[in-house]
Amino acid sequence: QVQLVESGGGLVQAGGSLRLSCVASASSINPMGWYRQAPGKQRELVAAITSGGSTNYADSVKGRFTISRYNVKNTVYLQMNSLKPEDAAVYYCNAVFITVTGRRYDYWGQGTQVTVAS
């Protein structure tokens, strides 16, 4: 069982910045990423990063958000700049573990609230 501990959410004015952090209790997690879910909407991918540093972003956050990863400490970060009211959501850290037999397990953090005031 992999545990993910998130931090860094909060309230920010539109145009401001926040940085989210997520620490995993295990290594060999690949990829790691962030999803978000706003009220009444489905959970969506925000950004993901592999252990080799390859990244993937939702179109809505490209150029504003940056995902990074510190493999030694099993930590992933999401730097969010130029925040907009529509970025407000609960942000969830996600980690994927694939066994030697190819079975995939998805793990989720408890979620951290991001509120953007207009």
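It should be emphasised that the depicted structure is a prediction, and the values quoted were computed from it without experimental measurement.

Undergrad: Explain the nonpolar core here, please?
TA: Considering soluble globular proteins, one finds that nonpolar side chains tend to be buried as a cluster. In terms of nonpolar packing, the biggest core is built from 30 residues, with Leu4, Met32, Trp34, Leu78, Met80 and Tyr91 touching the most fellow members. Only strand S3 (18–24), strand S4 (32–37), strand S5 (44–49), strand S7 (65–70), strand S8 (75–80), strand S9 (89–98) and strand S11 (112–117) provide two or more residues apiece to this core. Setting aside residues no more than four positions away along its own chain, Leu78 makes contact with Leu18, Arg19, Leu20, Trp34, Val46, Ala47, Phe65, Thr66, Ile67 and Tyr91.

Undergrad: I'm lost on the state of the cysteines in this one. Help?
TA: One way to say it: the disulfide is the covalent bond shared by the sulfur atoms of two cysteines. If you walk through the whole model with that rule in mind, you get one disulfide. A sulfur-sulfur separation of 2.1 Å characterises the disulfide bridge that pairs Cys22 with Cys93. What sets the handedness of the Cys22 and Cys93 disulfide is the S-S torsion sign, and at about -85 degrees it is left-handed. You can see Cys22 sitting in strand S3 and its partner Cys93 sitting in strand S9, a full 71 residues away along the chain. Taking relative accessible area as the criterion, Cys22 reaches 0% and is therefore assigned buried.

Undergrad: Mind showing me how you'd approach the environment of Arg103 here?
TA: Within the fold, Arg103 resides in the loop between S9 and strand S10 (104–108). Take Arg103: its relative accessible area is 54%, and that puts it in the exposed class. Apart from residues no more than four positions distant in its own chain, Arg103 is found in contact with Phe97 and Ile98.

Quick notes on the rules
Residues numbered from 1 in each chain as written. Predicted model: local features only at pLDDT ≥ 70, side-chain atom pairs only at ≥ 80, totals over all residues. Heavy atoms only, no water. Core = buried A, V, L, I, M, F, W, Y, C linked by side-chain atoms within 4.5 Å. Buried < 20%, exposed > 50% of the residue type's maximum accessible area, 1.4 Å probe, protein only. Helix = DSSP H or I, 4+ residues; strand = E, 2+ residues; numbered from the N terminus. Contact = heavy atoms within 4.5 Å. Disulfide = S-S within 2.5 Å.

None of this, on its own, says anything about what the molecule does.
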